[in-house]
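Observations on the three-dimensional arrangement
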Amino acid sequence: MAVEISETGWGGCSAGGPPMIRVLCLVCALACPVVAVEPTGAISFTNDVMAVLGKAGCNSGACHGHNSGKAGFKLSLRGYDLRADFAALADADSGRVDRKDPADSLILQMPTAQLEHGGGKRFEVGSESYRVLLEWIRQGAKSDVGTATKLRRIDVHPSVFEHVQIPQSETLKVTAHFEDGRQRDVTRLAIYEVSTEGVVEVDQAGRVVSRRTGETAVLVRFLNKKTLSKGLVVRRKNGFAWAAPPQHNFIDRFVDDKLKKIQVLPSAVCTDAEFLRRASLDICGVPPDPDEVVAFLSDASADRRTRKIDELLSREDYGDAWAMRWLELSGTNESGDSARFKGIWTLSLWLRRAINNNLPYDRLVRQLVAGKGSSIHNPAITFTVNQLKRVETVPQLFLGIRLQCAECHDHPFDVWTQSNYRSMADFFGHLGSKEGPIDAYGREIRRFVKPESRVPWKAGERVELTHLDGSRVRVPVASDRRDALVDWMFGPGRRLTARAIVNRVWGRMLGRGIVHPVDDMRFSNPPINEPLLSALADDLVVHRWDLKHLVRTIARSRTYQQSSIPNKSNRNEHENFSHAALRRLSAEQLADSVSRATGVDEPYRVGPPGLRAVHVPYVAAGSRLLRLFGRPTERASACECVRSPDSTLPQVMHLLNGEALWKKIRAAGGTVERLSGKHTEAGDLVAALYLAVLSRPPSGDESGTGVRYLAASKSRREGAEDLAWALLNSPEFLFNH
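Residues numbered from 1 in each chain as written. Predicted model: local features only at pLDDT ≥ 70, side-chain atom pairs only at ≥ 80, totals over all residues. Heavy atoms only, no water.

For the rest of this paragraph, the subject is the overall build of the protein chain. Scanning the protein chain from N- to C-terminus turns up 27 helices and 19 strands. For the protein chain, the proportion of contacts with a sequence separation of at least 24, taken over those separated by at least 6, is 63%. Carbon and sulfur atoms make up 54% of the accessible area of the protein chain, which amounts to about 32,900 Å² in all. (Helix = DSSP H or I, 4+ residues; strand = E, 2+ residues; numbered from the N terminus. Contact = heavy atoms within 4.5 Å. Areas by Shrake-Rupley, 256 points an atom, 1.4 Å probe, with all protein chains shown as cover.)

What follows is the structure, given as structure tokens:
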């Protein structure tokens, strides 16, 4: 490498040069202080001025990059519209650039606080940033938008770092690579942001300091390019010894490899009762009934858990539970702008049937994304005619890509641009829809390619479409472009598609995605365990997009079957699946669990008696419990974030003092009345209540406490009601553990 001074006067390296120069460069870099020099040569608006403004934060969302600007001055967010930015800066009437007296320019006086500035001081008079702007104005404040040498990429070194003590520091080095082959050290002009707060701190000179154990990624941005430096902070433990727990399948191998690296031991495997309840809730959405618990705990065969997983996957409850989630995320509801009553019922039933019949995921997605015809005869098309934008919903649901930001500007934390957004929209813009004959129960919707695409003089014409990876495809004008999109999703783009669905299913079953949040698989949010995510995605493709195989593989792993009780080694570790996560029951799981435990159905606005919560497809289900515990009151987003796992005071009061729960406990013909009449021995009654509510028998101490409470109660029935109430309000009932 040889030293090169660019036309802007900024030092960099270029290929070639004699070895002596390379050695001298290294010696100077290590031994000599950096001396600031006056910029020489032509200053580039595109590559120099915009870099200074970006570093100073002028075009950030909190400053002039806000959609309304600040103090009458508006820049494009993070510099995505260079022409507009130049026009705003060089406006002759604004005083921002004073070509006659450059030092009086507002873009120099305000960020240096020589004049009052709402954003405070951004850089000093005489600093490198100041000198670049000053020299640009002296040179006539010219635009080179569209003619400047394009920035090809940026690299950061190290791209991966590992700290083994706290604090430990190092300085990142950022190199910009231009299309003409030039390289430039832009470390001081790059912008740094961390993905996980608190693990490391990074200053604006690129110096990283570790603060606590964990993992993070430093997003590095220069102009319109981004890169990552991924970091791991581990405290080495003297005397740590890996215990080599049994591995049930490849999942455990990849999880264990990571746990060994961070010196954490996994928790022991959970009990059979814990496994049965956890698997039943995760796969079918409901806890096991008491007879099932007794039978499973009596089974001494070595493969009982494997057989139980297969049995759960064969139940209709499996499709019911998973269909509800897809229905909700699709945005389909009973409003006039969506499916109305008949449409939402038919889509719900179609999803339940497709999932229970194990329709391969590629065919499931094709029918949802590219469905054609009538919503009555092909309910899957209802997915594409509700109020949500398909250009945003399809990438988020099926690729884990949040494309929304790119509608108005390039995504600030991902690689997607406005061009990507428009290209995705091209796959849906040709579609039309209309209502069929309206009946008393809802409406029929018919989806089709608009007639103007089929006029005779367009026969043989083709349109070029661009996929998210930049590849292009030409299709007939009269064809349905969605077919080309799905072909790409399960062809060249199958890696994105597979990773998105395995991460979503993993997150549902373990409480946290390998990429978290599960539908935010952006460039700056890398997976916590890349080999695991890749292996699961590859396995799904090899097994021809078999979702039951995916659920089965996860459920059979030791990782899934670990106890939620942490050990001394992993009590502060919550990201690498060293122990099961405590997860509050979803609204539907809670409603169905309460109904099963008390023997009394939850009343819903529409539908026959005996419906489970996941059977009710409406937003307005008429259940206060569902509403309080997080079932969305509208389906306005495809984001998993619409449901919060946090507990609230109204939730607590509903269970502790709510009349609805007491009515179910005391109901004639309910569980408490039935068990009180069936069991004459107090110990048997206590055991039956534990099985009905917690899906396990009581311990010796719990049984003794329960028997004594029944004996001290005014009546046996009243004591049983109190015990049932206490169990229903216990964390063990309210959480999946």
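To continue, consider helix H12 (residues 361-369). Among the residues of H12, Tyr361, Leu364, Val365, Leu368 and Val369 are the ones counted as buried. All buried residues of H12 fall inside an arc of 115° around its axis, so they share one side. (Buried < 20%, exposed > 50% of the residue type's maximum accessible area, 1.4 Å probe, protein only. Arc of directions from axis to C-beta.)

Side chains on a regular strand alternate between the two faces of the sheet. A large share of strand E11 (residues 214-222) lies buried, amounting to nine of its nine residues. The alternating pattern of E11 places Gly214, Thr216, Val218, Val220 and Phe222 and Glu215, Ala217, Leu219 and Arg221 on opposite faces, both of which are buried. Strand direction decides the pairing type here: strand E8 (residues 191-194) and E11, joined by four bridges, are antiparallel. Within the sheet, the bridge partner assigned to glutamate 193 lies in E11 and is leucine 219. In terms of strand pairing, E11 meets strand E12 (residues 225-233) through nine bridges, oriented antiparallel. If you follow valine 220 over to E12, its bridge partner there is threonine 227. Taking the residues that link successive antiparallel strands as the turn, the E11-E12 hairpin has two residues, and the phi of leucine 223 there is positive, at about 50°. (Pairing = 2+ DSSP bridges.)

This part covers helix H24 (residues 682-694). Counted at 1.5 Å a residue, the expected span for H24 with its 13 residues is 18 Å, and the 18 Å between its end C-alpha atoms agrees. Every buried residue of H24 is accounted for by Leu685, Val686, Ala688, Leu689, Tyr690, Leu691, Ala692, Val693 and Leu694. (Expected span 1.5 Å × (residues − 1).)

Attention now moves to the pattern of salt bridges. Evaluated as defined, the whole model comprises 48 salt bridges. A salt bridge links arginine 138 to glutamate 135, with the nearest nitrogen and oxygen atoms 3.9 Å apart. Placement of the pair is arginine 138 and glutamate 135 together in helix H5 (residues 128-138), with a separation of three residues, close to one helical turn. The exposed category is assigned to arginine 138, whose relative accessible area is 51%. For glutamate 135, a relative accessible area of 15% gives the class buried. Ionic pairing is found between glutamate 702 and arginine 696, a salt bridge with its closest N-O pair at 2.9 Å. Taking the relative accessible area as the measure of exposure, glutamate 702 reaches 24% and is therefore partly exposed. A residue is classified by how much of its surface remains accessible, and arginine 696, at 17% relative accessible area, is buried. Each of Arg366, Lys372, Asp480, Arg482, Asp483 and Asp487 takes part in salt bridges that share partners, so that together they form one network. (Salt bridge = Lys/Arg side-chain N within 4 Å of Asp/Glu carboxyl O.)

In this section: the nonpolar core. Of all hydrophobic cores here, the largest spans 134 residues; its most connected members are Ile283, Tyr361, Phe398 and Met509. Examining the composition of this core, we find that nine residues originate from one element, H24, more than from any other. Leaving out residues up to four positions away in the same chain, methionine 509 has contacts with Asp282, Ile283, Trp322, Val551, Ile554, Ala555, Tyr560 and Arg583. By size, the runner-up hydrophobic cluster in this structure holds 49 residues, among which are Phe178, Val186, Val194 and Phe222. (Core = buried A, V, L, I, M, F, W, Y, C linked by side-chain atoms within 4.5 Å.)

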